[in-house]
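Spelled out from the first residue to the last, the chains are:
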Amino acid sequence: MAETQDNARGLEGVIAAAKAQAPGRGLPPVHLWNPPNCGDIDIVIRRDGLWFHEGTPIGREALVRLFASVLRKDPDGYWLVTPVEKMRITVEDAPFIATRVDRAGEALRFTTNVGDEVEAGPENAIRVDMSEDGEPRPYLHVRRGLEALIARSAFYELVEMAEERDTPKGPTLCVPSNGVWFPVGPPGAHRL
């Protein structure tokens, strides 16, 4: 019971601190804050991008976006961070899902499930891991070590836009964005 009350107080503190960020000023500077560790909080971001608190889905989109704005990845895990406290949460895969991709001139612009708009490029790379069953697991760097899993439908669009490029490892399907070519699979996979 005491742990649940501590979680509730901690959660209320995160909500209050995140709301204190003035509208229109962008994301809070969580990378500059070094508050004390207040322990773990029972928040889980599942593989499908859904956020849960104490086993219950967080249904309010505005609340999920608020929490996403104070999310930070440190070497020891994912944290909700305010100027006065930080609490570890669980992330099963990537904390965000890139649900849409659009071509905007020379850039690929992605939209995430929490409303971030990110252009792929030198600072926001696309990478594709291969799962044990041979399925591609594509990711986009969003900000400061936080990534979005690229949704299957958006990944198919990337593959449609891809061109074969000669690389040191062999011919590879790649997509360009902001002057960088990103592989969308392993070398030679498109020729199988």
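Residues numbered from 1 in each chain as written. Predicted model: local features only at pLDDT ≥ 70, side-chain atom pairs only at ≥ 80, totals over all residues. Heavy atoms only, no water.

Okay, the overall build of the protein chain next. When you go through the protein chain residue by residue, the secondary structure sums to 3 helices and 15 strands. Out of the 192 residues belonging to the protein chain, those deemed buried represent 44%. Working note: accessible area of the protein chain is about 10,600 Å², and carbon and sulfur atoms make up 51% of it. (Helix = DSSP H or I, 4+ residues; strand = E, 2+ residues; numbered from the N terminus. Buried < 20%, exposed > 50% of the residue type's maximum accessible area, 1.4 Å probe, protein only. Areas by Shrake-Rupley, 256 points an atom, 1.4 Å probe, with all protein chains shown as cover.)

This part is about the nonpolar core. Counting residues in each nonpolar core, the largest one holds 43 residues, and the members touching the most others are Trp-51, Leu-71, Ile-89, Phe-110, Ile-126, Ile-150 and Leu-158. Among the elements that make up this core, the one with the highest residue count is helix 2 (residues 61-69) (5 residues). Ile-150 has contacts with Ala-98, Phe-110, Ile-126, Pro-138, Tyr-139, Leu-140, Phe-155 and Leu-158, leaving out every residue within four places of it along the chain. With 5 residues, the next largest nonpolar core counts Ala-94, Ile-97, Leu-149 and Ala-151 among its residues. (Core = buried A, V, L, I, M, F, W, Y, C linked by side-chain atoms within 4.5 Å. Contact = heavy atoms within 4.5 Å.)

Turning our eyes to something else, we now look at unusual backbone geometry. Within the chain, Glu-54 stands out as a residue other than glycine whose phi angle is a positive 50°. Checked against the element boundaries, Glu-54 lands in the loop between strand 2 (51-53) and strand 3 (56-57). Backbone geometry places Asn-178, a non-glycine residue, at a positive phi of 50°. Structurally, Asn-178 is set in the loop between strand 14 (170-177) and strand 15 (180-183).

Counted by the stated rule, this structure contains 13 salt bridges. Of the charged contacts, one joins Asp-40 and Arg-88 as a salt bridge, the two residues approaching to 3.1 Å between their closest N and O atoms. Of this pair, Asp-40 sits in strand 1 (residues 37-45) while Arg-88 sits in strand 6 (residues 86-91), and the two are 48 residues apart along the sequence. The salt bridge partner of Arg-127 is Glu-147, with a shortest N-O separation of 2.7 Å. Here Arg-127, found in strand 10 (residues 126-130), pairs with Glu-147, found in strand 12 (residues 146-150); they are 20 residues apart in sequence, far enough to count as distant. Shared partners join several salt bridges into a network, and the residues in it are Arg-47, Asp-93 and Arg-137. (Salt bridge = Lys/Arg side-chain N within 4 Å of Asp/Glu carboxyl O.)

Within this model, the largest pocket holds a volume of roughly 240 Å³. The wall of the largest pocket is formed by Ser-131, Asp-133, Glu-135, Pro-136, Arg-137, Pro-138, Leu-149, Ile-150, Ala-151, Arg-152, Phe-155 and Tyr-156. Elements with a contribution of two residues or more to the lining of the largest pocket: strand 11 (136-143), strand 12 and helix 3 (152-161). (1 Å grid on protein atoms, 1.4 Å probe; cavity = no way out; pocket = protein on both sides within 12 Å on 5 of 7 lines; lining within 4 Å. Points joined across faces, edges and corners; volume = space filled by probe spheres on them.)

So, about the sheet that holds strand 15. The 3 strands lie next to each other as 13-14-15, forming an open sheet whose pairing is antiparallel. Each edge of the open sheet is held by one strand with a lone partner, namely strand 13 (163-167) and strand 15. Taking the axes of each pair of neighbouring strands and ignoring which way they run, one obtains an average angle of 55° across the sheet. With 4 bridges joining them, strand 14 and strand 15 adopt antiparallel strand pairing. Along strand 15, the bridge assignment pairs Ser-177 with Val-180. (Pairing = 2+ DSSP bridges. Axes fitted to C-alpha atoms, helices over the stretch in contact; angles between N-to-C directions.)

Moving on to the environment of Ala-107. Along the chain, the position of Ala-107 falls in strand 8 (residues 107-112). Sequence separation between Ala-107 and Gly-179 is 72 residues, and the spatial gap between their C-alpha atoms is 8.2 Å. Discounting residues that sit within four places of it in the chain, Ala-107 has contacts with Asp-102, Glu-119, Ser-177 and Asn-178.

Geometric descriptors of this kind do not, in isolation, establish any biological role.
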